[in-house]
Amino acid sequence: MASASSYTVRPATEADAAQINAIVNHEIGVSVNNFNYGPRSEADGLLWLKSTLAGYPVLVAVTTVDGKEVIGGYASLGSFRQKDGYRFTAEYSLYIHQEHRRRGLGRTLLRDLLVEAKARGFHAIIGSISEGNEASLRLAAEFGFRVVGTMKENGFKFDRWIDNTFVELLL
């Protein structure tokens, strides 16, 4: 099994949209880590990437498989709230491709994303972690995020109500 050292983290480009979208669509289909019910189209995935890159970083962890660059995971920042007073706060997302987990990619991507967030002048980073995702809670704690609250049954997927724990890091 490859380790995180066999991956390179770089800013995402529009050419990465299809692979990022495939990672997201897998999570939509099998987990409560994304509350969409149906897959995101390639056009919508590209639109999301373009609009995010217009104001926030998106990082990808890439490796080479059979001579082709493969994205093992990505991390991004996005708007926390769309009001002027929240412009120094961002919400992070972090997804690892199911075949590239347990290699340290989440740690590497989150570390680099936080460096980028600080360089861009963000002050607070927020995360929303769905119930049952203990690995993401542990990772956030490793980086100094603190739990600021759990919203009970605020998401609904797979015919059940889901709690979400919010974490925060001040840079």
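Procedures and definitions
Residues numbered from 1 in each chain as written. Predicted model: local features only at pLDDT ≥ 70, side-chain atom pairs only at ≥ 80, totals over all residues. Heavy atoms only, no water. Axes fitted to C-alpha atoms, helices over the stretch in contact; angles between N-to-C directions. Helix = DSSP H or I, 4+ residues; strand = E, 2+ residues; numbered from the N terminus. Parallel < 35°, antiparallel > 145°, perpendicular 65-115°, else oblique. Contact = heavy atoms within 4.5 Å. Nonpolar A, V, L, I, M, F, W, Y, C, P; charged D, E, K, R; others polar. Core = buried A, V, L, I, M, F, W, Y, C linked by side-chain atoms within 4.5 Å. Buried < 20%, exposed > 50% of the residue type's maximum accessible area, 1.4 Å probe, protein only. Patch = residues over 30% accessible without salt bridge, like charges linked within 9 Å, V, L, I, M, F, W, Y side chains within 5 Å. Areas by Shrake-Rupley, 256 points an atom, 1.4 Å probe, with all protein chains shown as cover. Salt bridge = Lys/Arg side-chain N within 4 Å of Asp/Glu carboxyl O. Pairing = 2+ DSSP bridges.

S.K.: Help me get a handle on the packing of helix H1 (residues 17–30) against helix H2 (residues 42–53), residues and values and all.
M.R.: Where H1 contacts H2, the axes come no closer than 9 Å and their chain directions differ by 110°. Considered as vectors, H1 and H2 are oriented roughly perpendicular to each other. Contacts from Ala-17, Ile-20 and Asn-21 in H1 reach Glu-42, Gly-45, Leu-46, Trp-48 and Leu-49 in H2. Split into classes, the residues belonging to the contact of H1 with H2 amount to 5 nonpolar, 2 polar and 1 charged.

S.K.: Just give me the short version of the nonpolar core, but keep the residues and values in it.
M.R.: Of all hydrophobic cores here, the largest spans 23 residues; its most connected members are Leu-77, Tyr-92, Phe-122, Ile-125 and Phe-145. Going through the elements one at a time, strand S2 (58–65), strand S3 (68–79), strand S4 (89–96), helix H3 (105–119), strand S5 (124–130), helix H4 (134–142) and strand S7 (160–170) are the ones with two or more residues in this core. At 6 residues, H3 tops the list of elements feeding residues into this core. Not counting residues up to four positions away in its chain, the partners in contact with Phe-145 are Tyr-92, Leu-110, Leu-114, Ile-125, Ala-140, Val-167, Glu-168 and Leu-169. Ranked by size, the runner-up nonpolar core spans 13 residues in total, among them Ala-17, Ile-23, Ile-28 and Val-58.

S.K.: Please give an account of a nonpolar patch on the surface that cites residues and values.
M.R.: Residues Tyr-37, Phe-156 and Trp-161 make up a contiguous nonpolar surface patch of about 370 Å² in total accessible area. Mapped onto the elements, Tyr-37 comes out in the loop between H1 and H2. On the accessibility criterion, Tyr-37 (58% relative accessible area) is exposed.

S.K.: Describe in detail the sheet that holds S5, supporting the description with residues and values.
M.R.: Strand order in the open sheet formed by 7 strands is S1-S2-S3-S4-S5-S7-S6, with mixed pairing between adjacent strands. The strands lining the two open edges of the sheet, one partner per strand, are strand S1 (8–11) and strand S6 (146–157). If you compare each strand with its neighbour and ignore which way they point, the axes differ by 30° on average. Pairing geometry for S3 and S4, over 7 bridges, is antiparallel. Note that in S4 the partner of Gly-78 across the bridge is Glu-91.

S.K.: Explain unusual backbone geometry to me, and be specific about the residues and the numbers.
M.R.: Of note, the phi angle at Glu-153 is positive, near 45°, even though the residue is not glycine. Relative to the elements of secondary structure, Glu-153 occurs in strand S6. Accessibility expressed as a relative area gives 49% for Glu-153, which makes it partly exposed. A positive phi is found at Asp-159, a non-glycine position, where the angle reads about 60°. The residue Asp-159 is located in the loop between S6 and S7 in this model.

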